[in-house]
Amino acid sequence: MLSKAILKYINSLQIKKYRTIHQAFLVEGAKSVRELLQSDYKIERLFITEDFYQHNPSISKAGYPYEITTEKELEKAGTFASNNAALAIARIKPAAAFDPSATPFTIALDEVRDPGNLGTIIRIADWYGINHIVCSQSCADFYNPKVISATMGSFSRITVSYVNLVQFLNERKHTSDIYGAALEGENLHKLNLEPKGVLVMGSESHGLTPEVRQLVNKLIKIPGFGKAESLNVAAATGIITDNFFRNL
């Protein structure tokens, strides 16, 4: 049975303030925890069911600190309504600087505050081999449990940097193409794109902020053929990103 102190600590990590204080975050569910076990993140502690333990022998071989518990205890401790496998506490990595030479094409997010959208975009980046994305300071926190969950394990392979986005783009506007999604942009399907430069995506409700929009030198759009007013930012990011890689 998990102690009150452990439950209090786990619950505190659902809040950014305490993640920052403790420099730790939560990973929940079988797939995400398995990905964590294969990553270079330092694991502080594992809380796992007997079945998960039996199917993941690396836990004992690697010497991870773990505790066998029940599904009920996992659900009580974490954010999942149902968790029949595992919950982990991992250490936050030091912030990494963006290296343009190692990342010829990247996604930059402008005030994308929804954790589910950020997590899905991280998963999209992982699918296309984009290993580093950039976020404005007002975006959702990478270590938010909902973000981690939505990545479906991709958090373990993608680096996210939080920057002054205007400054970041200003430093690249003369050396890189900066694409921005906007309704009045050029039809994406008529462009010959390749995965170079920066793709900037804004929030679904507000689009690109004015300061960021001024630094975009190529506005693009997804042509619509139905009656939907807009696309979810994560869905739009997936469609646009695919067009950059389509000719490879």
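Refer to the structure presented above.
So, about the packing of aromatic side chains. This structure, assessed with the given rule, holds 11 aromatic pairs. Each ring, one from Phe25 and one from Tyr41, has its centre 5.4 Å from the other, and the planes form 70 degrees; the classification is edge-to-face. Of this pair, Phe25 sits in strand E1 (residues 24-28) while Tyr41 is found in the loop between helix H3 (30-37) and strand E2 (43-48), placing the two residues 16 residues apart along the sequence. Exposure class is identical for Phe25 and Tyr41. Each is buried. With a centroid separation of 6.2 Å and 85 degrees between ring planes, the pair formed by Phe25 and Phe155 is classed as edge-to-face. Remark: Phe155 occurs in the loop between helix H8 (145-150) and strand E7 (159-163) and Phe25 occurs in strand E1; sequence separation between them is 130 residues. An identical accessibility class is assigned to Phe25 and Phe155; each is buried. Of the aromatic side chains, those joined through ring pairs into one cluster are Phe25, Tyr41, Phe142, Tyr143 and Phe155. Seen from the ring of Tyr41, Lys93 lies directly overhead, with NZ or CZ sitting 4.2 Å from the centre. Seen from the ring of Phe168, Arg172 lies directly overhead, with NZ or CZ sitting 3.8 Å from the centre.

This brings us to the sheet that holds E2. Strands sit in the order E1-E4-E2-E3 across an open sheet of 4 strands; the sheet is mixed. Whereas interior strands pair on both sides, the edge strands pair on one side only; in this sheet they are E1 and strand E3 (66-68). Here the average twist between neighbouring strands, direction ignored, is 15 degrees. Across 5 bridges, E2 lies against strand E4 (residues 86-91) in antiparallel orientation. Bridging from a neighbouring strand, Arg45 pairs with Ile89 of E4.

Mapped onto the elements, Ser32 comes out in helix H3. The contacts of Ser32, once residues within four sequence positions are left out, are Val27, Ile148, Met152, Gly153 and Phe155.

Phe25, Leu109, Ile133 and Phe244 are the most contacted members of the largest nonpolar core, which has 48 residues in total. When residues of this core are assigned to their parent elements, the largest contribution, 6 residues, is made by helix H11 (residues 233-245). Those residues in contact with Ile133, other than ones at most four positions away along the chain, are Thr106, Ile107, Leu109, Leu118, Ile121, Ile122, Ala125, Thr159, Val160 and Ser161. Core analysis: the second largest hydrophobic core is formed by 14 residues, Ala108, Val163, Phe168 and Val216 among them.

This part is about the side chain of Asn144. Inspection of the secondary structure puts Asn144 in the loop between strand E6 (132-136) and H8. Classification of Asn144 as buried rests on a relative accessible area of 18%. Aside from chain neighbours lying at most four places away, what touches Asn144 is Arg19 and Pro115.

So, on to a nonpolar patch on the surface. A contiguous nonpolar surface patch, about 270 Å² in accessible area, is contributed by Ile15, Tyr18 and Ile21. Given the relative accessible area of 54%, Ile21 is considered exposed.

Calculation rules
- Residues numbered from 1 in each chain as written.
- Predicted model: local features only at pLDDT ≥ 70, side-chain atom pairs only at ≥ 80, totals over all residues.
- Heavy atoms only, no water.
- Phe/Tyr/Trp six-rings, centres within 6.5 Å; stacked < 30°, edge-to-face > 60°.
- Helix = DSSP H or I, 4+ residues; strand = E, 2+ residues; numbered from the N terminus.
- Buried < 20%, exposed > 50% of the residue type's maximum accessible area, 1.4 Å probe, protein only.
- Lys NZ or Arg CZ within 6 Å of the ring centre and 35° of its normal.
- Pairing = 2+ DSSP bridges.
- Axes fitted to C-alpha atoms, helices over the stretch in contact; angles between N-to-C directions.
- Contact = heavy atoms within 4.5 Å.
- Core = buried A, V, L, I, M, F, W, Y, C linked by side-chain atoms within 4.5 Å.
- Patch = residues over 30% accessible without salt bridge, like charges linked within 9 Å, V, L, I, M, F, W, Y side chains within 5 Å.
- Areas by Shrake-Rupley, 256 points an atom, 1.4 Å probe, with all protein chains shown as cover.
- Salt bridge = Lys/Arg side-chain N within 4 Å of Asp/Glu carboxyl O.

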